[in-house]
Amino acid sequence: YATDIASYRALVQRADLRKPHGWYDEARRLDRRIVYHAGPTNSGKTYHALEAMKRAESGVYCGPLRLLAMEVYDTCNQKGTYCDLVTGQERKQVPFARHVSCTIEMANVSKQVDVAVIDEIQMIADESR
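For the structure given in this document, a descriptive report is provided here. All values reported here derive from a predicted model rather than from experimental measurement. (Residues numbered from 1 in each chain as written. Predicted model: local features only at pLDDT ≥ 70, side-chain atom pairs only at ≥ 80, totals over all residues. Heavy atoms only, no water.)

1. Side note on the nonpolar core
Applied cut-off: What we call a nonpolar core is a set of buried Ala, Val, Leu, Ile, Met, Phe, Trp, Tyr and Cys residues that are connected through their side-chain atoms within 4.5 Å. Burial classes: relative accessible area under 20% of the type maximum marks a residue as buried, over 50% as exposed, and values in between as partly exposed (1.4 Å probe, protein chains only). Strands here are runs of E lasting at least two residues and helices are runs of H or I lasting at least four, both read from the DSSP assignment and numbered beginning at the N terminus. Only heavy atoms enter the contact rule, under which two residues are in contact if any of them lie within 4.5 Å.
By size, the foremost hydrophobic cluster in this structure holds ten residues: Ala49, Leu50, Met53, Ala56, Tyr61, Val72, Cys76, Cys83, Val115 and Val117. Mapped by element, the contributors of at least two residues to this core are helix H3 (45-55), helix H4 (66-78) and strand E5 (115-118). With three residues, H3 is the largest single contributor of residues to this core. Contact partners of Val115, with chain neighbours within four places excluded, come to Ala52, Met53, Ala56, Ser58, Gly59 and Val60.

2. Brief notes about the state of the cysteines
Our working rule: Any pair of cysteine sulfurs within 2.5 Å is marked as a disulfide.
As enumerated under the stated definition, the model contains zero disulfides in all. Distance from the sulfur of Cys62, which forms no disulfide, to the nearest cysteine sulfur (Cys102) is 3.9 Å. Here Cys62 falls in the buried class, since its relative accessible area comes to 5%. Of all cysteine sulfurs, the one in Cys83 lies closest to Cys76, which takes part in no disulfide; the gap is 4.6 Å. Residue Cys76 is classed as buried on the basis of its relative accessible area, which comes to 1%.

3. Focus: H4
As a reminder, the rule being used: Multiplying one less than the number of residues by 1.5 Å gives the expected span of a helix. Of all possible arcs, the one meant is that of the directions from the helix axis to the C-beta atoms.
For H4, built from 13 residues, the straight-helix expectation of 18 Å at 1.5 Å per residue is met to within 8% by its first-to-last C-alpha distance of 18 Å. Here H4 has its buried residues at Ala69, Val72, Tyr73 and Cys76. The arc that holds every buried residue of H4, seen down its axis, measures 105 degrees, which confines them to one face. Exposed side of H4, more than 90 degrees from the buried face: Leu67 and Gln78 are the residues found there. Looking at the packing, one finds that the buried side of H4 touches H3, strand E1 (59-63), strand E2 (83-86), strand E3 (91-92) and strand E4 (99-103). Among the residues trailing H4, Gly80 stands out with phi positive, at a value near 95 degrees.

So, in structure tokens, the structure goes:
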């Protein structure tokens, strides 16, 4: 039973959600610059973040709602920044796209990008998400 016990212990360790600061070691070692935009409603926070993403070689927009992800997908593609769409309900791939618009739950955390926009980041505190 030694193998079964070792497998069980490994599973329990991986399922332990008490220490999130220990997750994503590789991401924590990256040399990153984090920019936090704060301001009142309609002050241009998302607009400026999306402009930075469009100028970058690669990027991801993570929105709290499917509708917002779809809006960013449409806008980016209409203005020449080829962008995929990934939500819980649908996936649209655009040839040669290096940008992705998605709902936060569908973000690919293992793919490195130049700019990541996390819209409405305060929703991260919502335990139901």
